[in-house]
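These are the residues of each chain, in order.
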Amino acid sequence: MPTTFSLHNPTPGLHWYVSKPLGTDQIAAIRDPQGGQTIKQPTSIPSPFARMDLVRSAFLNLALKPDLSGTMNDQRVVSDALDVGELFFNYDKLKTYITITPFDVQTDLNKLRQSTNQGHKRLGDALKLFLDQDAPEYNFGDINRLFVLSYRGRVVGGTSPKTLFFSSGNDLSWVDVSMGNDRLFDASVCPLHQRDIEYQKFWYAIKQFMPNFRDRFREVDDYLNRSRSLLQQQNPAMFYEHIESHNGQPLLTREKFDQDFDELTTGPGDIVEVLGFPLRKKKSDARAIDKVSDFIIKSDKYARLNPNQPRPMALQNRFFRQFMYVPQAQWNSNTPVPYYARESWRDNQRPLPGQPGNYPWLTVSDLLEPYLIRLPFPTDRGRFFDGNLQTPATDKGFLLPLKKDFFDFFDVDDLLTGRVRLKMTPQGGGINVTLDIPVTAPNQPGNQFVTFERVYSLTAGTSSAPNEATNEGIIVENSFTVNIYPFVRSGAVTVPADYRVQLIESGFDSQNQYELTYFGQKNNAEVKAESKHQRTVRQQNTDGSSVYYVLREEFDYLQANIRGDGREMNGVLIPRWQLYNGGSKQFEFSVDFGTTNTHVEYKVDGGSPRPFDVAELTRRWLR
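Please read all numbers here as calculations on a predicted model, not as lab measurements.

Q: Would you mind going over the overall build of the protein chain with me for this structure?
A: A count of helical and extended segments in the protein chain gives 16 helices and 34 strands. For the protein chain, the residues scored as buried account for 45% of the 623 residues in total. Contacts in the protein chain between residues at least 24 apart in sequence constitute 60% of all its contacts with a sequence separation of at least 6. Within the structure as shown, the protein chain displays about 32,300 Å² of accessible surface, and the carbon and sulfur contribution to it stands at 49%.

Here it is as structure tokens:
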């Protein structure tokens, strides 16, 4: 019995018989001993463009099944090609790390072939050979330029005249980019219908609007048809919102395609294209994040002060609730959030933790000061907000470690009423400060908060300086007091503002410099003092100094700035103002300026005079 040696199991024949040339059926019959489940991707035939053919074959094989199932190798090859396309599509988010390099098949190819370097010349000749030989099969005759995509200086793939995109055959698991909950080029695979809907629309729009797409990209077209059906079956709400209306009307129009996506260019006028069709990229998705993220700070005030600007997020380390982070991506509790970020959130310069691109977000050091200023005496908690300090009223008090930016989002009343929860609790030898920030959380029930937390101690390890990067704050004691007169502001009845604020510093050995700044909460704008008077100057034989400020406008909070010993500290004072709502009584005062003592008497509604008495409730100072 004769033996026929073949990979594709031909019809056996005795002695000589007529065999058929290799075709689609014969290739499909070749048995893979590993069943397509190898860890490493298959190697290609010896051609510079063979990787493109492997991607084409993978699209073809998957499209044969209604559920796009197939061997793991085919799924991985297609998933990686889609990953490359997603990098192109999200170029604006990743342009710090991505480089798109064009290769002109005329100019650059001729440079290679005319090179004096023999290696370059041979490469050019080889490319020319296959470009001419395989032009009908791979659309090489219609190519103007190919575009090579590099991430952090290493090639990961490029554009393809047969599958739009293709990846290199190398291990790309080092690429540290995630789109939603999918990390690109990892061991798992992600089909198109499970990706960002905007990216899906990008593919379907190219299929719809590129001339002769079916003829040029038959295998990809079959895959897209399957993917479209799967999206309709598995996520009908998304399908009918973005792809097709219930009456069968396509929602993708050429005008909408051009409006929703920007041109992808490598420079002014240098458009990235495939077979002459311009590719497009995703616009900034700040509006989408603002709309769906559960981490958006709940602040009507910020929206009023910053119209047409995206509302910032508040992000917290070790956050374990199932919050929506960005479109189509849940929060991962393992995502590290730095306690301090040097990039400006106001200028949208901060990269999102664990996601590509920038979006304004706040962390601990944006709202909490690195220093906690302690006073050597208790504060008058009836007249000043103490930050819900969890110590006896007779213990030493603190200024609030809030930064001025906090009041771009919230008012004093938000703290006093607990809509924003500030709490200061003793912990060991320090103070643990927590600040609960309300967030919109449109996908969550009830009121939701993100918590900023910092522990303040006398030292950070062996250092007396704070370390914001490791979230270690420092307690510094300063001996000074602030008095405000009159301790009243307009309520139902408007009263002319005429304040005197006294700052007294004690301790002649201190070289600190003190300054008070006043703010109105409506626009978080500074209220300028009309004048400042130094009454007592610190000298060696005095216990301190005193300064008086004169203000003719009402204010909501003060910020104390202290400089000395090579450091600068800030803390906030929030008066619990007594509101003036009018009254019917008439007061008369008389003052005797004696040489030793001053005597004051008064009478009410013409009654009998009596000495001026300062009751406990009339105290209006910090300590």
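Moving on, there is more to tell.
Q: Which parts of the structure should I look at to understand the packing of aromatic side chains?
A: The description of an aromatic ring pair rests on the distance of the ring centres and on the angle between the ring planes. For the coordinates displayed, the defined rule picks out 44 aromatic pairs. On the basis of an interplanar angle of 85° and a centroid distance of 5.2 Å, the ring pair of F239 and Y240 is categorised as edge-to-face. An angle of 70° between the planes, with centres 5.5 Å apart, marks the rings of Y499 and F555 as edge-to-face. On the criterion of sequence distance, the pair formed by Y499 in strand β24 (residues 499-506) and F555 in the loop between β28 (544-551) and β29 (557-564) is long-range, its members being 56 residues apart. With respect to burial, Y499 and F555 carry one shared label: buried. Put simply, the rings of F88, F89, F165, Y199, F202, W203, F209, F257 and F261 touch in pairs and so form one group of aromatic residues. Seen from the ring of W174, R154 lies directly overhead, with NZ or CZ sitting 3.9 Å from the centre.

Q: How do you make sense of a nonpolar patch on the surface when you look at a structure like this?
A: On the surface, a cluster of nonpolar side chains totalling about 350 Å² of accessible area is made up of F587, F589 and F612. For F589, the location among the structural elements is in strand β32 (residues 587-593). A residue is classified by how much of its surface remains accessible, and F589, at 52% relative accessible area, is exposed.

Q: Can you walk me through the pattern of salt bridges in this structure?
A: Pairing is possible between side chains of opposite charge, provided their charged atoms come close. Under the defined criterion, the tally for this structure stands at 38 salt bridges. Here D258 makes a salt bridge to R280, at a shortest N to O gap of 3.7 Å. With D258 in helix α12 (residues 254-260) and R280 in strand β12 (residues 280-282), this pair connects stretches of sequence that are 22 residues apart. Here R421 ties to D436 by a salt bridge, and the two come within 2.9 Å at their closest N and O atoms. Of this pair, R421 sits in strand β18 (residues 421-427) while D436 sits in strand β19 (residues 430-439), and the two are 15 residues apart along the sequence. Each of K207, R214, D221 and D222 takes part in a single network of salt bridges with overlapping partners.

Q: Which parts of the structure should I look at to understand the sheet that holds strand β30 (residues 567-573)?
A: Sheet strands associate in pairs through backbone hydrogen bonding, adopting either a parallel or an antiparallel arrangement. Spatially, the four strands line up as an open sheet ordered β26-β25-β29-β30, and their pairing is antiparallel. The open sheet is flanked by β26 (525-527) and β30, the only strands paired with a single partner. Each adjacent strand pair in this sheet contributes to an overall mean axis angle of 35°, direction not counted. Where strand β25 (residues 513-520) and β29 come together, seven bridges link them in antiparallel fashion. Of the residues in β29, the one forming a bridge with Y518 is L558.

Q: Explanation requested: the nonpolar core in the structure shown.
A: Grouped burial of nonpolar side chains is what soluble globular proteins tend to show. If you look at the biggest cluster of nonpolar residues, it comprises 72 residues, and the most contacted ones within it are L87, F88, I100, L164, W203 and Y223. Not counting residues within four places of it along the chain, the set of residues in contact with W203 comprises L82, T163, L164, F165, L192, V220 and L224. Residues M313, Y325, V420 and F452 belong to the second largest nonpolar core, which totals 54 residues.

Q: What is the right way to look at the side chain of K162 in this model?
A: Following the sequence through the fold, K162 ends up in the loop between β3 (154-160) and β4 (164-167). At 3.2 Å, the side chain of K162 and the backbone oxygen of E137 are in polar contact. Sequence-distant contacts of K162, defined by excluding residues within four places in its chain, comprise R56, E137, Y138, N139, R216, F217, E219 and V220.

Q: Looking at this model, I keep getting lost on the sheet that holds strand β27 (residues 531-536). Mind explaining?
A: Sheet architecture is open: four strands sit in the order β22-β24-β28-β27, paired in antiparallel fashion. Strands at the two margins of the open sheet, each flanked by one partner only, are β22 (480-485) and β27. Strand after strand, the sheet turns through a mean of 20° between neighbouring axes, direction not considered. Bridging between β27 and β28 involves five bridges; their strand directions are antiparallel. Note on β28: the bridge partner recorded for T536 is S546.

Q: What should I look at first to understand helix α8 (residues 197-209) in this one?
A: With 13 residues, α8 ought to run about 18 Å at 1.5 Å a step, and its terminal C-alpha atoms sit 18 Å apart, in line with that. For α8, every residue scored as buried is listed here: I197, Y199, Q200, K201, F202, W203, Y204, A205, I206 and F209. If you check the start of α8, you find a side-chain oxygen 3.1 Å away from the backbone N of E198, and it comes from D196.

Q: Hey, could you run me through the packing of α8 against helix α10 (residues 218-234) in this one?
A: How two helices pack is summed up by the angle between their axes together with the distance between the axes. Closest axis-to-axis distance for the α8/α10 pair is 11 Å, and the angle between their directions is 135°. As the angle between them shows, α8 and α10 are arranged oblique. α8 and α10 meet at a crossing whose hand is left-handed. From α8, I197, Q200, W203, Y204 and K207 reach across to α10, where they touch V220, D221, L224, N225, S227, R228 and L231.

The rules behind these values
Residues numbered from 1 in each chain as written. Predicted model: local features only at pLDDT ≥ 70, side-chain atom pairs only at ≥ 80, totals over all residues. Heavy atoms only, no water. Helix = DSSP H or I, 4+ residues; strand = E, 2+ residues; numbered from the N terminus. Buried < 20%, exposed > 50% of the residue type's maximum accessible area, 1.4 Å probe, protein only. Contact = heavy atoms within 4.5 Å. Areas by Shrake-Rupley, 256 points an atom, 1.4 Å probe, with all protein chains shown as cover. Phe/Tyr/Trp six-rings, centres within 6.5 Å; stacked < 30°, edge-to-face > 60°. Lys NZ or Arg CZ within 6 Å of the ring centre and 35° of its normal. Patch = residues over 30% accessible without salt bridge, like charges linked within 9 Å, V, L, I, M, F, W, Y side chains within 5 Å. Salt bridge = Lys/Arg side-chain N within 4 Å of Asp/Glu carboxyl O. Pairing = 2+ DSSP bridges. Axes fitted to C-alpha atoms, helices over the stretch in contact; angles between N-to-C directions. Core = buried A, V, L, I, M, F, W, Y, C linked by side-chain atoms within 4.5 Å. Polar contact = N/O pair within 3.5 Å; in protein donor to acceptor, adjacent residues only side chain to side chain. Expected span 1.5 Å × (residues − 1). Parallel < 35°, antiparallel > 145°, perpendicular 65-115°, else oblique. Left-handed = near helix turned anticlockwise from the far one by under 90°.

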